[in-house]
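In case you want the letters, here they are:
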Amino acid sequence: QVQLVESGGGLVQAGGSLRLSCVASGSIFSVNGMGWYRQAPGKQRELVAAVTSGGNTNYADSAKGRFTISRDNAKNTVYLQMNSLKPEDTAVYYCKSTIITSISLATGHYWGKGTLVTVSS
């Protein structure tokens, strides 16, 4: 069993900052790519940022220059530092990770349950 648990969401005023965290736990052999997605009401889930196990990053255009993704491989944790937040950043933010489990050495894609970010104007 593998679990991803997000934290750090909340209510913030426009221009403010939040830091999201996501911890992977369970029967983990290795953690490969990790990323953050978001889904606003009435919209499809979209990629915000992703980071490989080697530290290479990829950002959505809407996140470039404002958000920073990072990871701590020793802790199986990925972070999303969000600065200069805008009302349009309001969404449920989900963590996703590609993990090789220690039981079967199978590769799977796992999602967290999400954390709500609300940016007020």
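This structure is a prediction, so every number in the text was calculated from the model and none was measured.

What counts, and where the lines are drawn
Residues numbered from 1 in each chain as written. Predicted model: local features only at pLDDT ≥ 70, side-chain atom pairs only at ≥ 80, totals over all residues. Heavy atoms only, no water. Pairing = 2+ DSSP bridges. Helix = DSSP H or I, 4+ residues; strand = E, 2+ residues; numbered from the N terminus. Axes fitted to C-alpha atoms, helices over the stretch in contact; angles between N-to-C directions. Buried < 20%, exposed > 50% of the residue type's maximum accessible area, 1.4 Å probe, protein only. Contact = heavy atoms within 4.5 Å. Salt bridge = Lys/Arg side-chain N within 4 Å of Asp/Glu carboxyl O. Disulfide = S-S within 2.5 Å. Core = buried A, V, L, I, M, F, W, Y, C linked by side-chain atoms within 4.5 Å. Phe/Tyr/Trp six-rings, centres within 6.5 Å; stacked < 30°, edge-to-face > 60°. Lys NZ or Arg CZ within 6 Å of the ring centre and 35° of its normal.

Draft legend 1. Geometry of the sheet that holds strand β7 (residues 67-72). If you walk across this open sheet you meet the four strands as β1-β3-β8-β7, and the pairing is antiparallel. A single partner strand is all that each edge strand has here, and the edge strands are β1 (2-7) and β7. Across this sheet, the average inter-strand angle for adjacent strands is 15 degrees, counted without regard to direction.

Draft legend 2. Geometry of the environment of L105. Structurally, the position occupied by L105 is in the loop between β9 (91-101) and β10 (107-111). For L105, a relative accessible area of 54% corresponds to the exposed category. For L105, the contacting residues outside a window of four places in its chain are F29 and I100.

Draft legend 3. Region of the structure containing the pattern of salt bridges. Under the counting rule described, the total for this entry stands at four salt bridges. As a salt-bridge pair, E46 and R38 come within 2.8 Å of each other at their nearest N and O atoms. For R38, a relative accessible area of 7% translates into the label buried. Note that D89 and R66 form a salt bridge whose closest N and O atoms lie 2.7 Å from each other.

Draft legend 4. The arrangement of the state of the cysteines in detail. Taken as a whole and assessed by the stated rule, the structure comprises one disulfide. Each disulfide pairs two cysteine sulfurs, and for C22 the partner residue is C95, the sulfurs being separated by 2.2 Å. Sign of the S-S torsion, about -80 degrees for the bond between C22 and C95, identifies this disulfide as left-handed. Highlighted residues: C22 in strand β3 (residues 18-26) and C95 in strand β9, separated in sequence by 73 residues.

Draft legend 5. Geometry of the nonpolar core. Counting 28 residues, the largest nonpolar core has W36, V48, F67, V78, L80, M82 and Y93 as its most contacted members. Discounting residues that sit within four places of it in the chain, F67 has contacts with R38, V48, Y59, L80, Q81, M82, N83, L85, D89 and Y93.

Draft legend 6. Geometry of the packing of aromatic side chains. Throughout the structure, instances matching the rule amount to two aromatic pairs. Ring centres of Y94 and W111 lie 6.5 Å apart, and the angle between their planes is 80 degrees; on these two criteria the pair is classed as edge-to-face. Note that Y94 is positioned in strand β9 and W111 in strand β10, a separation of 17 residues in sequence. Residue Y94 is classed as buried on the basis of its relative accessible area, which comes to 14%. One aromatic cluster in this structure is built from Y37, Y94 and W111. The residue whose ring lies beneath R45 is Y94, and the NZ or CZ to ring-centre distance is 3.7 Å.

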